[in-house]
Amino acid sequence: MIGVPKVTGKRGVQVFVPIRAGYTFGETRAWVEQVSRAVGAAVPDLVSWEWSKDQRGGRARLDYTQNWRNRTLRGAVLAAARARPAGVGARSPGRSWTTRPSGPDRWTIRTILPRVAEVGDLFAAAHGPGQELPRL
């Protein structure tokens, strides 16, 4: 299964999984929740579903609820800039699984194009052929 990570524009990482046509929204959403719950069961000391950061106990929020209608997921690489102090527009680029996450202001309008020229479009695989959702 191919999953393509990208930063959110803040501190998080979103994983996009290209799937074949034909699944309903409900089937896809249920599968994403099952994956989330399976990860949480495998590493409960690392994962929380708590919204409030102070209730997570240092664990990462695993938010399967972003896969829902009316959620605003940021597009990858050259998406609209997030409003930041002094006009710095934080971008939301694809990333590799081996790079450490960066801070919310790492990629800006001024730095994103040189990054794409250097490493290519790390989000391209998300536009690849659709996959079957494996049984969990």
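All figures in this text were calculated on a predicted structure; none of them were measured in a lab.

Before going further, it helps to spend a moment on the overall build of the protein chain. For the protein chain, the count of helices and strands is 2 helices and 4 strands. For the protein chain, the residues scored as buried account for 27% of the 136 residues in total. Nonlocal contacts in the protein chain, meaning residues at least 24 apart in sequence, comprise 51% of its contacts between residues at least 6 apart. Roughly 9,000 Å² of accessible area belongs to the protein chain as shown, and the carbon and sulfur atoms make up 56% of that amount.

With that out of the way, let us pick up the pattern of salt bridges. Scanning the entire structure with this criterion turns up 3 salt bridges. In this structure, E132 and R20 form a salt bridge, with 2.6 Å as the shortest nitrogen-oxygen distance. Placement of the pair is E132 in the segment after α2 (112-119) and R20 in the loop between β2 (13-16) and α1 (25-42), with a sequence separation of 112 residues. Using a relative accessible area of 31% as the deciding quantity, one classes R20 as partly exposed. A salt bridge links R61 to D63, with the nearest nitrogen and oxygen atoms 3.1 Å apart. On the accessibility criterion, R61 (22% relative accessible area) is partly exposed.

So, about the environment of Q131. Mapped onto the elements of the fold, Q131 is located in the segment after α2. With residues up to four places along the chain from it excluded, the contact list for Q131 reads M1, I2, V17, P18, I19, R20 and Y23. There is a polar contact of 2.8 Å between the side chain of Q131 and the backbone oxygen of P18.

Glancing now at α1. The end-to-end C-alpha distance of α1, which contains 18 residues, comes to 26 Å, matching closely the 26 Å that a straight helix rising 1.5 Å per residue would cover. Taken together, the buried residues of α1 touch β3 (47-48).

Mapped onto the fold, R56 is located in the loop between β3 and β4 (60-61). E50 provides the closest opposite charge to the buried, unpaired R56, separated from it by 7.5 Å. At a separation of 3.1 Å, a polar atom in the side chain of R56 contacts the main-chain carbonyl oxygen of E50. Discounting residues that sit within four places of it in the chain, R56 has contacts with S48, E50, W51 and R61.

Scored by pLDDT, the protein chain comes out at a mean of 77, with 68% of its residues at no less than 70. Scored below 50 in pLDDT, residues 86-90 shows 16 contacts in the model against residues more than four places distant or in partner chains.

The next subject is the environment of F123. Here F123 lies in the segment after α2. Judged by its relative accessible area of 7%, F123 is buried. For the pair F123 and F16, spaced 107 residues apart in the sequence, the C-alpha separation amounts to 8.9 Å.

Within the fold, R29 resides in helix α1. R29 has contacts with Y64, T65, N67 and W68, leaving out every residue within four places of it along the chain.

About the cut-offs
- Residues numbered from 1 in each chain as written.
- Predicted model: local features only at pLDDT ≥ 70, side-chain atom pairs only at ≥ 80, totals over all residues.
- Heavy atoms only, no water.
- Helix = DSSP H or I, 4+ residues; strand = E, 2+ residues; numbered from the N terminus.
- Buried < 20%, exposed > 50% of the residue type's maximum accessible area, 1.4 Å probe, protein only.
- Contact = heavy atoms within 4.5 Å.
- Areas by Shrake-Rupley, 256 points an atom, 1.4 Å probe, with all protein chains shown as cover.
- Salt bridge = Lys/Arg side-chain N within 4 Å of Asp/Glu carboxyl O.
- Polar contact = N/O pair within 3.5 Å; in protein donor to acceptor, adjacent residues only side chain to side chain.
- Expected span 1.5 Å × (residues − 1).
- Lys, Arg positive; Asp, Glu negative; His and termini not counted.
- pLDDT = per-residue confidence, 0-100.

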